[in-house]
2 protein chains.
Amino acid sequence: MELFKVDSLEQARQKLLRAVKDWMLPTETVNLESSLGRCLAVDLFSTFNIPAFRRSTVDGYAVIAKDTTAAGESIPVILSVKGKVEMGEAADFVLKSGECAEVPTGGMLPEGADAVVMVEYSEPFGRNKAVLYQSAANGENAVQIGEDVREGELLLKQGKRLLPQDIGALAAAGITRVPVYGRPTLTILSTGDELVIPDQKPLPGQIRDINTYALKTLAEKNGFEILHTAIIPDSEETLEHALLSAMQNSDIVAISGGSSQGEKDATRAVIERVSVPGVFTHGLALKPGKPTIIGYDEASRTLLAGLPGHPVSAMMVFELLFSWLLHEMTGSEMPPAVPARISCNLASSPGRLTCWPAKLKWMDFAYTAEPIFGKAGLITTLTKANGYFIVDRNREGLLEGEIVLVHLF
Amino acid sequence: MELFKVDSLEQARQKLLRAVKDWMLPTETVNLESSLGRCLAVDLFSTFNIPAFRRSTVDGYAVIAKDTTAAGESIPVILSVKGKVEMGEAADFVLKSGECAEVPTGGMLPEGADAVVMVEYSEPFGRNKAVLYQSAANGENAVQIGEDVREGELLLKQGKRLLPQDIGALAAAGITRVPVYGRPTLTILSTGDELVIPDQKPLPGQIRDINTYALKTLAEKNGFEILHTAIIPDSEETLEHALLSAMQNSDIVAISGGSSQGEKDATRAVIERVSVPGVFTHGLALKPGKPTIIGYDEASRTLLAGLPGHPVSAMMVFELLFSWLLHEMTGSEMPPAVPARISCNLASSPGRLTCWPAKLKWMDFAYTAEPIFGKAGLITTLTKANGYFIVDRNREGLLEGEIVLVHLF
């Protein structure tokens, strides 16, 4: 058996970054309405002021603030009503001292006006006048030109994963075609003579293919485009054929399965045969996830990953390596994790980073993280968890009550 | 002006629940691969054991544990190799005392065997024997029948929002057609003479429509199906016509806009005209979000909501009322919020629940929540935030360092 040195997660990540240093994530332009969850490919600036005119935030009278300085409950100010501003229309007159204008919430302030007195503090008077019982400071009850976004101001930063409010801001700025990063393409090959598709009843010794479905949806959730999935029997020839075919158009080919040493050796051998420079990570100091192989083919610019066969391990490794890589490449922020106290003492594996699936429970105005114990081969370990936390490889264990950061699924 | 009493958020929620008490959320059956993020409409039980046979978790020799009790580094045990188990095939022989069988990781244990000794602690010996240098306890290095899921066991609970690992578990259980809740249908009407579509350059007094885009994507993200969106001018007749049309096939019609008193009165009047029993909430003790009107039409089973015109208010109210309602109706868990210390003293509005947009910052191994100050009319208040926290209506303010729960956007 070949001896090899496993990589720390950090080493594997650095090697991944070096491998794809020449990758240019393609960008595409999508309609505003289809941009939810996509990552901005450029900094977007506003080409004008938002709002482009001073808007009232209340129903009332637009005034020149200085005219109202003396106004109060007992000594009101009486101004001439120059006109009425209609919603959606320009206020096409100018206020002079001694004048005011009716304005609705959201309406435009006429030129000359610099504040609004709320209708609740006013009374119409005679044919053409208004009595104001409150003063208004310069700018009061109004949104200034460019107060939301100034012309030339950065609206949204490259890498931002677009949320509904971002889409609202783009609408406000009139940006209806949005440049976003393309999705890296992924092929998933599940290997194993024991695998049958979920629709099929397994015979003794067979099991249903889990990884294709779990990895496919995990990758979709994280912004990858799935080109192809297939179950491959334990045959080097078939695997080699499938790999060569997938490498023609996939950015990443994930081979999941190969839990036995024979299968792992076969996966590594095939990756070495089809790629140059080939395998650069021969195992991870990660629990679960040790039997992970990663290689690169420069000619086709394809990352080739042999993921562990256990579903939990395969998902964790995909998350920690490839979802991480996509965040790095797009410059998008990782979503915040939830700090929580662990509910019991926990042994860990010094020298290896440990990923613990955990269930968050809310009690006494704080979260407790209950580690889910279970073999990596059991998919229900993850269905019971909200997320996972990571124990550093220098720790020998954690004490009940220590704070961990739970990354949500 | 009509006097009315505003509802607390809790009161409005209870009224919403009462209004829709006869609603049966439709269910639909989707393919496993399309079920990500959908809510399970039923409890799902496994109809068989997973795994259905005992599987080895290592490469090694399947044994009868008792045969190995004495085995150790210096005094090994020698057993006859009865056969070799191939991946994906039944182990069609029976182990008797003194016998063992080669088995790969994931392979089936033959009848009689109850543990596995790892290949690392073994040596082949002669033609047909193996030397074992370690003992194995009953069950060691094996997954038992039903250890992942037992026959008849609850696999996933009704209301569960399906994650990749849940989809993996369904694949393992052979459930490829998944009963999920249908998406409630929503029509969004943005009202206002001042609104133009984002592609159009606004004239003085006009602004681009934000709410349609922000609300549409927010609702989609939260599991609603958008049937129709439209910009409606400030005309009671046009609004009434649009409402009557939308009520024919929408579960919810959200009218956003109407910030001025005249528009609010018009929206309320139209909702009252088209629905029986009509408006039941005439305002919310919520900041932002006070000018919220909610009504119900029993005949068409439609909820009618007049949301505030300000984008931030409209989004907050939609989130706190309608996204909340959908969680209640499907029985799905709300995602965990992130506890964080606020970064400054904060005044609030006694008597009103306050929603504060906030930006989470990670420092000193804890989160700080920086409240984002800004008028509700400014969409960039939300684009700068990761989430929001709620200040109870009985609080007069919060002190720097107090812990708040940030609900992530």
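Scroll up a little and you will see the structure.
Summarised in this report is the structure supplied together with it. None of these values were measured; they are calculated from a predicted model. (Residues numbered from 1 in each chain as written. Chains lettered and ligands numbered in written order. Predicted model: local features only at pLDDT ≥ 70, side-chain atom pairs only at ≥ 80, totals over all residues. Heavy atoms only, no water.)

1. Focus on the overall build of chain A
Counting its secondary structure elements, chain A contains seven helices and 28 strands. Against the compact-globule benchmark of 22 Å for 409 residues, chain A has a radius of gyration of 31 Å, which places it well outside the compact range. Across its three principal directions, the C-alpha atoms of chain A cover 100 × 50 × 40 Å. Evaluated residue by residue, chain A yields a buried proportion of 57% over its 409 residues. Within chain A, contacts between residues separated by at least 24 positions form 71% of all contacts whose residues are at least 6 apart in sequence. Summed over its atoms, the accessible surface of chain A is roughly 17500 Å², and 51% of this surface lies on carbon and sulfur atoms. (Helix = DSSP H or I, 4+ residues; strand = E, 2+ residues; numbered from the N terminus. Rg over C-alpha atoms; globule rule 2.2 N^0.38 Å. Buried < 20%, exposed > 50% of the residue type's maximum accessible area, 1.4 Å probe, protein only. Contact = heavy atoms within 4.5 Å. Areas by Shrake-Rupley, 256 points an atom, 1.4 Å probe, with all protein chains shown as cover.)

2. As for the interface of chain B and chain A
Quoted interface sizes are often the accessible area lost when the parts come together. Chain B puts 81 residues into the contact, and the matching count from chain A is 81 residues. Here chain B meets chain A over a buried area of about 6800 Å², counting both sides, of which 65% is carbon and sulfur. At the boundary of chain B with chain A, the tally comes to two salt bridges. A salt bridge links A:E33 to B:K216; the nearest nitrogen and oxygen atoms lie 3.5 Å apart. Inspection of the region where chain B meets chain A yields 14 residue pairs in polar contact (both at pLDDT 80 or more). When residues of the side of chain B that touches chain A are assigned to their parent elements, the largest contribution, eight residues, is made by helix 2 (residues 164-172) of chain B. Here the residues of the side of chain B that touches chain A are counted per class, giving 43 nonpolar, 17 polar and 21 charged. (Buried area = accessible area lost by both parts, 1.4 Å probe. Salt bridge = Lys/Arg side-chain N within 4 Å of Asp/Glu carboxyl O. Polar contact = N/O pair within 3.5 Å; in protein donor to acceptor, adjacent residues only side chain to side chain. Nonpolar A, V, L, I, M, F, W, Y, C, P; charged D, E, K, R; others polar.)

3. Let's talk about the packing of aromatic side chains
In total, this model carries 14 aromatic pairs over all chains according to the counting rule given. Centre to centre, the rings of B:Y388 and B:F409 are 5.8 Å apart; their planes meet at 35°, and the pair counts as tilted. Pair noted here: B:Y388 is in strand 26 (residues 387-391) and B:F409 is in the segment after strand 28 (403-408), with a separation of 21 residues, a long-range link. Judged by its relative accessible area of 6%, B:Y388 falls in the buried class. The class for B:F409 is partly exposed, based on a relative accessible area of 22%. Taken together, A:F224, A:F318 and A:F322 form an aromatic cluster joined through their ring pairs. (Phe/Tyr/Trp six-rings, centres within 6.5 Å; stacked < 30°, edge-to-face > 60°.)

4. A look at helix 1 (residues 9-19) of chain B
All names here are of chain B. Those residues of helix 1 that sit buried are L9, A12, R13, L16 and A19. Considered in projection along helix 1, the buried side chains sweep an arc of 125° and stay on one side of the axis. In this structure, the buried residues of helix 1 make contact with strand 18 (277-282), strand 20 (293-297), strand 21 (302-307), helix 6 (311-330) and strand 24 (353-363). (Arc of directions from axis to C-beta.)

5. Focus on the pattern of salt bridges
As enumerated under the stated definition, the model contains 24 salt bridges over all chains in all. Here A:D7 and A:K15 are joined by a salt bridge, their closest N and O atoms 2.8 Å apart. Beyond isolated ion pairs, a larger network of salt bridges with shared partners links A:E33, B:K216 and B:E220.

6. With respect to empty space enclosed by the protein
All told, the structure shown has five cavities of 30 Å³ or more when counted by the stated rule. If you add up the space inside the largest cavity, you get close to 90 Å³. If you go around the largest cavity, the residues you meet are A:L218, A:K221, A:M315, A:M316, A:E319, A:L382, A:F409, B:P164 and B:Q165. Listing elements by their share of the lining of the largest cavity, those giving two or more residues are helix 3 (211-221) and helix 6 (311-330) of chain A together with helix 2 of chain B. Split by residue class, the lining of the largest cavity holds six nonpolar, one polar and two charged. (1 Å grid on protein atoms, 1.4 Å probe; cavity = no way out; pocket = protein on both sides within 12 Å on 5 of 7 lines; lining within 4 Å. Points joined across faces, edges and corners; volume = space filled by probe spheres on them.)

7. Considerations on the relation of the copies chain B and chain A
Copies of the same chain, two in number, are related to each other by a rotation about an axis and a translation along it. When chain B is fitted to chain A, the best match, at an RMSD of 0.1 Å, comes from turning it 180° and sliding it 0.0 Å along the axis. The relationship between the two copies is best expressed as a two-fold rotation axis. Across chain B, the rotation axis passes nearest the C-alpha of B:V338, at a separation of 2.6 Å. (Least-squares fit on C-alpha atoms with pLDDT ≥ 70 in both.)

8. Remarks on the pairing of strand 22 (residues 338-342) of chain B
Residue and element names in this part refer to chain B. Here strand 22 lies mainly inside the structure; four of its five residues are buried. Inspection of the sheet shows strand 22 paired to strand 28 by four bridges, in the antiparallel sense. Residue pairing in the sheet places V338 in a bridge with V406 of strand 28. Summarising the sheet, strand 22 and strand 25 (residues 366-371) pair through two bridges and their orientation is parallel. Within the sheet, the bridge partner assigned to R341 lies in strand 25 and is T368. (Pairing = 2+ DSSP bridges.)

9. Side note on the sheet that holds strand 8 (residues 122-125) of chain B
All names here are of chain B. If you walk across this open sheet you meet the six strands as 7-4-6-5-9-8, and the pairing is mixed. The two strands at the open ends of the sheet, each matched to only one other strand, are strand 7 (115-118) and strand 8. Here the average twist between neighbouring strands, direction ignored, is 40°. Pairing between strand 5 (residues 77-84) and strand 6 (residues 99-103): four bridges, direction parallel. Across the sheet, residue S80 finds its bridge partner in strand 6, namely E99. (Axes fitted to C-alpha atoms, helices over the stretch in contact; angles between N-to-C directions.)

10. Re the environment of B:P179
Residues and elements named next belong to chain B. For P179, the position within the fold is in strand 12 (residues 177-181). Residue class for P179 comes out partly exposed when judged on its relative accessible area of 21%. On a C-alpha basis, the gap between P179 and F224 in space is 17 Å, while along the polypeptide they are 45 residues apart. Residues in contact with P179, not counting those within four places in the same chain, are E28, T29, C39, L40, A41, V42 and L44.

11. Let's talk about the packing of helix 3 (residues 211-221) of chain B against helix 6 of chain B
All names here are of chain B. Between helix 3 and helix 6, the least distance of the axes is 10 Å, while the angle of their chain directions is 25°. With respect to their mutual orientation, helix 3 and helix 6 come out roughly parallel. Crossing angle aside, the handedness with which helix 3 passes helix 6 is right-handed. Facing N211, A214, L215, L218 and A219 of helix 3, the residues of helix 6 in contact are P311, A314, M315, F318 and E319. Class assignment for the residues of the contact of helix 3 with helix 6 results in eight nonpolar, one polar and one charged. (Parallel < 35°, antiparallel > 145°, perpendicular 65-115°, else oblique. Left-handed = near helix turned anticlockwise from the far one by under 90°.)

12. A short note on the sheet that holds strand 13 (residues 185-191) of chain B
Residues and elements named next belong to chain B. If you walk across this open sheet you meet the six strands as 16-13-17-21-20-18, and the pairing is mixed. Strand pairing shows two members of the sheet lacking a second neighbour, strand 16 (225-232) and strand 18, which therefore form its edges. Taking the axes of each pair of neighbouring strands and ignoring which way they run, one obtains an average angle of 15° across the sheet. Where strand 17 (residues 252-256) and strand 21 come together, five bridges link them in parallel fashion. The residue of strand 21 that forms the bridge with S256 is L307. Relative to the sheet, helix 1 contacts strand 18, strand 20 and strand 21, its axis offset from that of strand 18 by approximately 160°.

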